[in-house]
Amino acid sequence: MRALIIVILVFIPSLIIAQSANFQDDFTDQDISDWTGDNADFTFITESGNVLLHQDAASAGTSQLSIPSTNVVGFWEFFIRLDGFNPSDGNKSEIYLMSDSANFDQAIDGYMLQAGEDGSGDVFRLFRISDGAKDGEVLTGTTDISGGGDFRVRVDRDASGNWALSVANSYSGVIVEEATGTDNTYSSTSFFGFKNTYTATRAGKFFFDFKIDIPPIQIADASLLNASTINVTFSKDYDPATIQNSNFTITPGNLNPTSIDQPSGSSVELVFGSNLPSGSFDLDITSIEDSNNQTTLADTTITLFRFEEYQTGDIIINEFLKDPPGALEEYVELKNTSSRLLNLKDWKLGDNGSLSTISDQDLAIFPDSFVVISSDTAALKSVY
Ligand SMILES: [Ca+2]
Ligand SMILES: [Ca+2]
Ligand SMILES: [Ca+2]
């Protein structure tokens, strides 16, 4: 019997998993001299350390900018703010993801994402543009943009012309895919850019960023709550799934917490099974992600101290200078005669006439080491 070999060709639709950005400009350099168009209509603002491009035109009209860009397989991700107005045909933004001309007023071929239309059904819409005119709607978003606002937008395109639109309602929001479409009429491009149309009252109401730049999660504070517990506070809420015992390690000893309490969305309490090492030790923290899984903590090492209880005679006045001549200041030198790390926090120093707290913060005095107390430590250093 002859073997019948059947070759089955399965058609698998191309998944939109593009990983590379087709175009980015974060405007950090506050320089758009590499863009072409109505450059004088634009300036910059900085919000939380992030630079945004700001249209600040003098009167009603249109303003556009373009820049050479040839990548078409990947994604365009950007921020757009239609600041507190209801977009319309007279107040809208058109993002030209692909264009064969630098001037969007010409008879271009390409693809344009529209933000703003008459009526109240405003959503992001991707159009094919042929000879400068809309030539078919490739996909239609669902996020309501009829009231303007802040939007993070990502448009993906693969080599076959499969498009996808993802939107979030804020700069650092989590984008969600909301529409797809297929159009491969044009598969190459020369320019990226945008064109805004506006009335006089909206001439300064457009903001952009063509790269999403979210501050990473960081350690805001770490300190001992007691001899076996460390509080760590992050700069933003974390993903609880990434709070694993193995992500927190103390050296020396390679100690991991035995349990972790989560008193708030941005702080943890690491509970260790025994007292932490006395003196100074390092806490290594790895693999913590923010609650939106958008940024990951850079591997961080924090040096902490665990002070020990003092005993009578541990701290002595080793030396002092009273009523010195000239410009010299009085000083008192304290010595830690013990072999343990001690804390001078809340210790008081005085004489018959006065009594002062040395420090209301942690003030380490290392084993067999000195702390010199003076009202003018700079002068003291220059003399001794
Ligand atoms: Ca930026
Ligand atoms: Ca630049
Ligand atoms: Ca509208």
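Here is what the cut-offs are and how they apply
- Counting from 1, residues in each chain are numbered in the order their sequence is written.
- Chains carry letters from A onward and ligands carry numbers from 1 onward, assigned in written order.
- This being a predicted model, a pLDDT of at least 70 is required before a residue's local features are given, and a value of 80 or more before pairs of side-chain atoms are given or counted; all residues contribute to the totals for chains, interfaces and linings.
- Water and hydrogen atoms play no part in the side-chain values, which are based on all heavy atoms of the structure.
- Strands here are runs of E lasting at least two residues and helices are runs of H or I lasting at least four, both read from the DSSP assignment and numbered beginning at the N terminus.
- Both definitions apply: the radius of gyration is a C-alpha atom measure, and the globule rule equals 2.2 Å times residues to the power 0.38.
- Exposed residues in this analysis have more than 50% of their type's maximum accessible area, buried residues have under 20%, and partly exposed residues fall in between, with area computed by a 1.4 Å probe over protein chains only.
- Contact criterion: two residues are considered in contact whenever any of their non-hydrogen atoms come within 4.5 Å of each other.
- Areas reported here follow the Shrake-Rupley algorithm with a probe of radius 1.4 Å; residue values treat only the protein chains shown as occluding.
- In this count, Lys and Arg are taken as positive residues and Asp and Glu as negative ones, while His and the chain termini are left out.
- Charge positions come from single atoms, namely NZ of Lys, CZ of Arg, CG of Asp or CD of Glu.
- Pairing between strands requires that DSSP locate at least two bridges from one strand to the other.
- Here an axis means a line fitted to C-alpha atoms, over the contact stretch when the element is a helix, while the angle between two N-to-C directions is reported on a 0 to 180 degree scale.
- Metal donors: N, O and S atoms at distances within 2.8 Å, or within 3.2 Å for Na, K and Ca, with water omitted from the atom set so that some sites may seem incomplete.
- Only one rule defines a salt bridge in this text: a Lys or Arg side-chain nitrogen within 4 Å of an Asp or Glu carboxyl oxygen.

Q: Account for the overall build of the protein chain, with residues named and values stated.
A: When helices and strands are tallied, the protein chain shows one helix and 29 strands. By the compact-globule yardstick of 21 Å for 384 residues, the protein chain is too spread out, its C-alpha radius of gyration being 32 Å. Seen through its principal axes, the protein chain has C-alpha atoms that stretch 90 × 80 × 35 Å. Among the 384 residues that make up the protein chain, the fraction classed as buried is 44%. Within the protein chain, contacts between residues separated by at least 24 positions form 61% of all contacts whose residues are at least 6 apart in sequence. Of the roughly 19,300 Å² of accessible surface on the protein chain, 48% is carried by carbon and sulfur atoms. The average position of the 21 basic charges and that of the 55 acidic charges among the side chains of the protein chain differ by 3 Å.

Q: Which residues make up the sheet that holds strand 21 (residues 279–285), and what values do they have?
A: Overall, antiparallel pairing links the three strands, which are arranged 18-21-22 in an open sheet. Strand pairing shows two members of the sheet lacking a second neighbour, strand 18 (248–251) and strand 22 (300–306), which therefore form its edges. Averaged over all adjacent pairs, the angle separating strand axes in this sheet is 30°, with direction ignored. Strand direction decides the pairing type here: strand 21 and strand 22, joined by seven bridges, are antiparallel. Bridging across to strand 22, isoleucine 285 finds its partner in threonine 300.

Q: Explain the coordination of the calcium ion (ligand 2) to me, and be specific about the residues and the numbers.
A: Within the protein, the atoms that donate to the calcium ion (ligand 2) are Asp29 (OD), Asp29 (OD) and Asp31 (O), at distances of 2.4 to 2.7 Å. Under the relative-accessibility criterion, aspartate 29 is labelled exposed at 52%. With a relative accessible area of 33%, aspartate 31 lands in the partly exposed category.

Q: Please give an account of the coordination of the calcium ion (ligand 3) that cites residues and values.
A: Protein ligation of the calcium ion (ligand 3) involves Pro87 (O), Glu117 (O), Gly119 (O), Asp122 (OD) and Asp122 (OD), the donor distances falling in the range 2.3 to 2.5 Å. Counting gaps between the donor residues of the calcium ion (ligand 3) yields the pattern P-x29-E-x1-G-x2-D. Taking the relative accessible area as the measure of exposure, glutamate 117 reaches 12% and is therefore buried.

Q: Can you lay out the pattern of salt bridges for me, pointing to particular residues and giving the numbers?
A: Taken as a whole, this structure holds 14 salt bridges when the rule is applied. Put simply, arginine 81 and glutamate 47 hold a salt bridge, and the shortest N to O gap is 2.8 Å. Linking arginine 81 in strand 6 (residues 74–82) with glutamate 47 in strand 3 (residues 42–47), this pair joins segments that are 34 residues apart in sequence. Classification of arginine 81 as buried rests on a relative accessible area of 11%. Note that arginine 340 is salt-bridged to aspartate 314, the shortest N-O span being 2.9 Å.

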